[in-house]
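Residue-level structural notes
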Amino acid sequence: MLGSIRRPEEEEVFGVQDWAEVHRLDRTGVPKRAIARRLGMSHTTVHRLLGLQEPPRYERRRTSSLVDPFADQIAAMLDTDPRVPATVVLQHLRRDGYAGGITILKEHLAEVRPQFQAARTFQRTSYLPGEISQVDWWHTGRQVPVGKGASREAFGLVATLPASAAHAAVFTFGGTLGDLLPAGLGCFE
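Residues numbered from 1 in each chain as written. Predicted model: local features only at pLDDT ≥ 70, side-chain atom pairs only at ≥ 80, totals over all residues. Heavy atoms only, no water.

**What about the packing of aromatic side chains?**
- Overall, the coordinates contain three aromatic pairs when judged by the stated rule.
- With centroids separated by 5.5 Å and ring planes inclined at 85 degrees, the aromatic side chains of F70 and Y98 adopt a geometry described as edge-to-face. With F70 in the loop between α3 (43–51) and α4 (71–80) and Y98 in the loop between α5 (86–95) and α6 (102–119), this residue pair connects regions lying 28 residues apart in the sequence. Y98 matches F70 in its accessibility class, with the two residues each being buried.
- Judged by centre distance (6.1 Å) and plane angle (10 degrees), the rings of W137 and F155 are stacked. Linking W137 in strand β3 (residues 134–147) with F155 in strand β4 (residues 150–161), this pair joins segments that are 18 residues apart in sequence.
- A relative accessible area of 32% means that W137 is categorised as partly exposed.
- On the basis of relative accessible area, F155 is assigned to the buried category, the value being 12%. (Phe/Tyr/Trp six-rings, centres within 6.5 Å; stacked < 30°, edge-to-face > 60°. Helix = DSSP H or I, 4+ residues; strand = E, 2+ residues; numbered from the N terminus. Buried < 20%, exposed > 50% of the residue type's maximum accessible area, 1.4 Å probe, protein only.)

This is how it looks when you write it as structure tokens:
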């Protein structure tokens, strides 16, 4: 019966209406044994119904799904790419013997995908020494006095080694290739 509690000592079933009536009578001050007699139930059932904050409801036990044997494979795919489409997951699972449809697969993905997306809120990047460097040509927009009231625009070349966080900067007064090459040598020295 939908929304019911089964009494262990008898085969009677008590539903939402019984729960509501027990709570109503208790609020009006009727003793628990009188409630049990009036409604034809044991006093332990009255105590059990009063102990429930919400009315009893029917809950189906989860049955196994065709997706269950492939849950680890799906988790591995989502760990690699949390946004992998259900159609791609289905293709991989079909090769391994999955016989279910895409609908139950999509329902499973909708349930587990948020856990993998939440886990991917950051990415840590690390490099080995000498593996990578970053070089930027910097247009400073600043005028630097060079004497006799004259000024020239300053340019900079900044080089960084991510493995050691070492930085070098060389400034020039020109933005040509002829200025870039000596600045590059200056940074690497």
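**As for the packing of α4 against α5**
- Taken N-terminus to C-terminus, the directions of α4 and α5 make an angle of 140 degrees; their axes are 11 Å apart at the nearest point. With respect to their mutual orientation, α4 and α5 come out oblique. For the pair α4 and α5, the sense of crossing is right-handed. Each of Q73, I74 and M77 in α4 lies in contact with α5, whose residues at this interface are V89, H92 and L93. (Axes fitted to C-alpha atoms, helices over the stretch in contact; angles between N-to-C directions. Parallel < 35°, antiparallel > 145°, perpendicular 65-115°, else oblique. Left-handed = near helix turned anticlockwise from the far one by under 90°. Contact = heavy atoms within 4.5 Å.)

**A short note on the nonpolar core**
- Formed by 15 residues in total, the largest nonpolar core has its most connected members in I74, L78, V89, L93, Y98, L105 and L109.
- Contributing elements (two or more residues each) for this core: α4, α5 and α6.
- The residues touching L93, leaving out its near neighbours within four places in the chain, are F70, Q73, I74, M77, Y98 and L105.
- One finds V22, A36, M41 and V46 within the second-largest nonpolar core, a separate group that totals twelve residues. (Core = buried A, V, L, I, M, F, W, Y, C linked by side-chain atoms within 4.5 Å.)

**A closer look at the packing of helix α1 (residues 16–27) against α3**
- Contact pair α1 / α3: the axes reach a minimum separation of 9 Å and the direction vectors enclose 90 degrees. By the criterion of interaxial angle, the relationship of α1 to α3 is roughly perpendicular. Judged by residue contacts, D18, W19, V22, H23 and D26 of α1 engage V46, L49 and L50 from α3.
- Its residues assigned to classes, the contact of α1 with α3 comprises five nonpolar, one polar and two charged. (Nonpolar A, V, L, I, M, F, W, Y, C, P; charged D, E, K, R; others polar.)

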